[in-house]
Structure formats: C-alpha cells, structure tokens
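So you can see what is in the structure, the chains are spelled out below.
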Amino acid sequence: MGGPVWREFGADDLPALTGLARACLAVDGGLPLFGRTPLVRARLLQGRTRGAWADGGLVAAVGVGTGRAPATATGLVHPAWRGRGLGGALLDWAGEQAGHAGLLLTTETWNAGAEELFAARGYRRTFLEWVLRHDLDALPQVAVPQGVTVEPATLGPELFATYRASFADRPGFVEPAAEEWLGDLREEFRPELTLVARGPDGAAVGFVTVLDDWIDQVGVVPGWRGRRVGAYLVGRVLRGLADARVDAAWLCVNDDNPAAGLYRRLGFRDVGRRARYRHD
C-alpha cells in the first residue's frame, strides 16, 4: 500500500465519507444513522476538513467546527489503517484548528483504541451512550400497569411538560426550549406510536417518543416510577413497529442510566457505543 495523501475534503466527497463511516460501523458498532449521508454531512463537513487518501480510497478524515467555544470535531480512521499514526495526526490537526477555544470530540462509532489515544492526549470523556437494537422476532409481554391508560400523544405543551417532569431530577439535566424540543420530533415522528400514559385522574404520568424505527425518549414522572409504566410503553411500541413490518427497533441509553437494564430485559442487545470527549 502507498502512503496516504492528505487534503481538504468537501461535499463532492460525501460518498467516500459515508463509505468510511460504514466501514467503521461494521467493525466498531455504534449509531447506524452515521452510515447515512445526512449525519455524515453534519458531523464531518464542518468548517475545516482534512482527509487522507490511499490506493484510491479515503482512509481517515476529520471535520472541525470553529464557530463556537469549544470547537467541535468528529474524526474517523478506517479499521484497516489503524495503528499507523493517522488518528494521532487527525487529533493534532483538529487541536491546532481549535486553538485556545478547546475541543469537543463526538464519536458515533466508539472503539477502545480511540479512547486510549484521547486519554493519552489529555482528553476527558464527558458522555458515553449505549446503542441498543431489538430485532422484533420475540416480543416482550408486559401487562398494563394498574390504573394506567395509554393514548397517542399530541406534540404540544402537555408532552413537553411530561418530558420535563420525567427528566428534571436527573443529574446534569438542562431544560431545552419547548419549541426546540418539540421541533426536533416533528420531522420523522410516528404519531401512532408516540404515546402518553395517564393515571386514574387523567394526568400524564409517562411518555415515549418514536422517530421512524427509533425509540427516541422514554420517561416516567417520579411518583409513578417502579410500576412498569416505562416497560409497558416500550412494549407497546415494539409491538406497533412489528405490526408495521419494521425489521428492528433502536434506542440509545446513557451509560449510567438504570433504564439500560430494563431495555436489555425487554430483549434489546448492545450493538455499540457513542461518546464525547473534551480538551480545554
């Protein structure tokens, strides 16, 4: 193999960037949406770019956004080209572009070698999330919690208020603007499977949002936790996706979220991780 040739990349290189992302996902696992052009564009076609080509193919790439502090970056090295210093070269270049702003790295396909490299260069991990998949070939049976009814949710103030009540007591929770949170749901949400659970008095006690084949968020208000409301909502969604002939359901869950155990008991399996790292 010849040595890599380094150059800036742009929109014309999106097919090569997407192919590189898919090669990394195939080995490392991670967020499957990263194998599609929209997320590749968002992560890698940032303001400043640098890629390495060898034998006619893209083998490493990084995009750096410098419009805010800290600067942001995502980089990839093809599995066949790891262990040759390309990752370190990308990281050094990204740090130079960030300057004194600091750098926040996002990885949608995690591997232990990258983690070791980041730690050796002084980066600290600030976020780690599991990517889980349910193949829908064996569906869990979850009984309806006593006193609970479920109905399709309306994308409006009640759903946002239920989300806020469900997550406000979590460490590090930062409340988004209602319109921002609801706006993120509107593009691909499944109205028939985005659900709200109600208690005997009609008040909302839990919710689940579904985007395409993704279980986006599941929450239960504090007074109703431990009564299998979340499990029942997820079970309803899995059955609905299976009825719609979807191949698999996906979700992401934070590494320190106790709900990860619930999802695995419902039949989800680990297919990778995604993470963020910070250097000030």
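Residues numbered from 1 in each chain as written. Predicted model: local features only at pLDDT ≥ 70, side-chain atom pairs only at ≥ 80, totals over all residues. Heavy atoms only, no water.

Overview of the overall build of the protein
Assigned secondary structure in the protein consists of 8 helices and 12 strands. Dimensions of the protein along its principal axes, counting C-alpha atoms only, are 65 × 40 × 30 Å. Residues classed as buried in the protein amount to 50% of the 280 residues present. Considering only intrachain contacts with a sequence separation of at least 6, the fraction spanning at least 24 residues in the protein is 72%. (Helix = DSSP H or I, 4+ residues; strand = E, 2+ residues; numbered from the N terminus. Buried < 20%, exposed > 50% of the residue type's maximum accessible area, 1.4 Å probe, protein only. Contact = heavy atoms within 4.5 Å.)

So, helix α5 (residues 157-167)
Burial in α5 covers these residues: Leu 159, Phe 160, Thr 162, Tyr 163, Ser 166 and Phe 167. For α5, the buried positions fall inside an angular range of 160° around the axis, keeping them on one side. (Arc of directions from axis to C-beta.)

Considering the side chain of Thr 18
Checked against the element boundaries, Thr 18 lands in helix α1 (residues 14-28). Residue class for Thr 18 comes out buried when judged on its relative accessible area of 4%. Once residues lying within four places of it in the same chain are set aside, the contact partners of Thr 18 are Gly 35, Thr 37 and Val 40.

Structural notes on the pairing of strand β12 (residues 269-279)
As defined by bridge partners, strand β5 (residues 103-107) adjoins β12 across 5 bridges and the pair is classed as antiparallel. Residue Leu 104 lies in a different strand from β12, and its bridge partner there is Arg 278. Two elements, strand β6 (residues 124-134) and β12, share 9 bridges in a ladder whose sense is antiparallel. Bridge pairing in β12 places Val 131 opposite Gly 272. (Pairing = 2+ DSSP bridges.)

Digging into the packing of aromatic side chains
Scanning all chains against the criterion turns up 12 aromatic pairs. Here the aromatic cluster, defined as three or more aromatic residues joined through ring pairs, consists of Phe 160, Tyr 163, Phe 167, Phe 173, Trp 181 and Phe 207. One cation-aromatic arrangement involves Arg 273 over Trp 110; the distance from NZ or CZ to the ring centre is 4.0 Å. Directly above the ring of Phe 127 sits Arg 276, whose terminal nitrogen or CZ lies 4.1 Å from the centroid. (Phe/Tyr/Trp six-rings, centres within 6.5 Å; stacked < 30°, edge-to-face > 60°. Lys NZ or Arg CZ within 6 Å of the ring centre and 35° of its normal.)

Some words on the pairing of strand β2 (residues 48-54)
The element β2 is extensively covered by neighbouring structure, given that 5 of its 7 residues are classed as buried. The sheet contact formed by strand β1 (residues 5-7) and β2 spans 3 bridges and is antiparallel. Bridging across to β2, Trp 6 finds its partner in Ala 52. Sheet topology note: the β2/strand β3 (residues 57-65) ladder contains 7 bridges and is antiparallel. Among the inter-strand pairings, Gly 51 is bridged to a residue of β3, identified as Ala 61.

A look at the pattern of salt bridges
In this structure the tally under the stated criterion is 19 salt bridges. Across the pair Arg 7 and Asp 13 runs a salt bridge whose closest N-O atoms are separated by 3.3 Å. Note that Arg 170 and Asp 256 form a salt bridge whose closest N and O atoms lie 3.7 Å from each other. Of this pair, Arg 170 sits in the loop between α5 and α6 (178-186) while Asp 256 is found in the loop between β11 (249-254) and α8 (259-265), placing the two residues 86 residues apart along the sequence. Through salt bridges with shared partners, a single ionic network connects Arg 43, Glu 108, Glu 129 and Arg 274. (Salt bridge = Lys/Arg side-chain N within 4 Å of Asp/Glu carboxyl O.)

Some points on the packing of α5 against α6
To characterise two packed helices, one gives the angle between the axes of the helices and the distance between these axes. Between α5 and α6, the shortest axis-to-axis distance is 10 Å and the interhelical angle comes to 105°. One finds that α5 runs roughly perpendicular with respect to α6. Counted together, Leu 159, Phe 160 and Tyr 163 of α5 and Ala 178, Trp 181 and Leu 185 of α6 form the full contact between these two elements. Its residues placed into classes, the contact of α5 with α6 shows 6 nonpolar, no polar and no charged. (Axes fitted to C-alpha atoms, helices over the stretch in contact; angles between N-to-C directions. Parallel < 35°, antiparallel > 145°, perpendicular 65-115°, else oblique. Nonpolar A, V, L, I, M, F, W, Y, C, P; charged D, E, K, R; others polar.)

Some remarks on the environment of Ala 98
Looking at the secondary structure, you find Ala 98 in helix α3 (residues 86-98). Assessed through its relative accessible area of 10%, Ala 98 is described here as buried. As a C-alpha pair, Ala 98 and Arg 245 span 147 residues in sequence and 46 Å in three-dimensional space. Not counting residues up to four positions away in its chain, the partners in contact with Ala 98 are Ala 71 and Leu 103.

Quick notes on the confidence of the model for the protein
Summarising the model, the protein shows a mean pLDDT of 95, and 99% of its residues fall at 70 or more. Across the protein, the element-wise mean pLDDT spans from 92 in α6 up to 98 in strand β8 (residues 195-198). (pLDDT = per-residue confidence, 0-100.)

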